[in-house]
Amino acid sequence: MDKELKKSTEHLQIAKRVAAEYAANKKFVKTMETVRPSILSRLGIDTDGYLSFQYELPDRRIPKRDRSIVEEYLDRRRKKEAVEITIAERIDEGQREVMNAVFIDGMSNDEAASDFGVSVSTVIRMRRKVYRELVCELVWQGICEEE
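What counts, and at which threshold
Residues numbered from 1 in each chain as written. Predicted model: local features only at pLDDT ≥ 70, side-chain atom pairs only at ≥ 80, totals over all residues. Heavy atoms only, no water. Helix = DSSP H or I, 4+ residues; strand = E, 2+ residues; numbered from the N terminus. Buried < 20%, exposed > 50% of the residue type's maximum accessible area, 1.4 Å probe, protein only. Contact = heavy atoms within 4.5 Å. Areas by Shrake-Rupley, 256 points an atom, 1.4 Å probe, with all protein chains shown as cover. Patch = residues over 30% accessible without salt bridge, like charges linked within 9 Å, V, L, I, M, F, W, Y side chains within 5 Å. Salt bridge = Lys/Arg side-chain N within 4 Å of Asp/Glu carboxyl O. Lys, Arg positive; Asp, Glu negative; His and termini not counted. Charge placed at Lys NZ, Arg CZ, Asp CG, Glu CD. Core = buried A, V, L, I, M, F, W, Y, C linked by side-chain atoms within 4.5 Å.

Caption draft 1: Structural detail: the overall build of the chain. Secondary structure assignment for the chain yields seven helices and zero strands. From first element to last, N terminus to C terminus, the chain shows the α and β order α-α-α-α-α-α-α. Taking all 147 residues of the chain together, the buried fraction comes to 38%. The contacts in the chain between residues at least 6 apart in sequence include a share of 66% that link residues at least 24 apart. In the structure as shown, the chain presents an accessible area of about 9,000 Å², 47% of it carried by carbon and sulfur atoms.

So this is what it looks like as structure tokens:
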């Protein structure tokens, strides 16, 4: 397989996985912000708004068990926000509501087609567009490598 095609396919697979994991990442982030807000605030991690793409943990000493959970939090939060940013900023206004329902609310393609009065193939086309745009966002955030 051509190297560029393989890399492009890998990025698409990453985008699909990030989108599929969205609900779990959202739940983890909310739980962490609810249960462990003190560790986040002590590290200067703002839980309001979007996380800076280049955010790195400070060099100060963090207990080992806390460092791993905070690193997982940051990773999951970046992936969660990548989906949200992609839909909010990169998807056409006419398609945004459908894609919010599919990606954010977890609606199936069939349910979205029925609820929004479009064909299933239209929802699938919209979904593919989100995957392509999600790859751009993931590359920009450094979650996957540039093609």
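Caption draft 2: Inspection of a positive patch on the surface at higher detail. A surface patch of positive charge is lined by Lys-16, Arg-125, Arg-128 and Arg-132. Examining the composition of the positive patch, we find that three residues originate from one element, helix H7 (residues 120-140), more than from any other. Here Arg-132 lies in helix H7. By relative accessible area, which is 52% here, Arg-132 ends up exposed.

Caption draft 3: Expanded view of the nonpolar core. Counting 26 residues, the largest nonpolar core has Val-83, Met-99, Phe-103, Leu-134 and Leu-138 as the members making the most contacts within it. Those elements that place two or more of their residues in this core are helix H1 (3-20), helix H4 (64-90), helix H5 (93-104), helix H6 (109-116) and H7. Considering each element in turn, this core owes the most residues, seven residues, to H7. Once you skip the residues sitting within four places of it in the chain, Phe-103 turns out to touch Ala-19, Tyr-22, Val-83, Ile-87, Arg-127, Val-130 and Tyr-131. Formed by 13 residues, the second largest nonpolar core is a distinct cluster that contains Val-29, Leu-40, Leu-51 and Leu-57.

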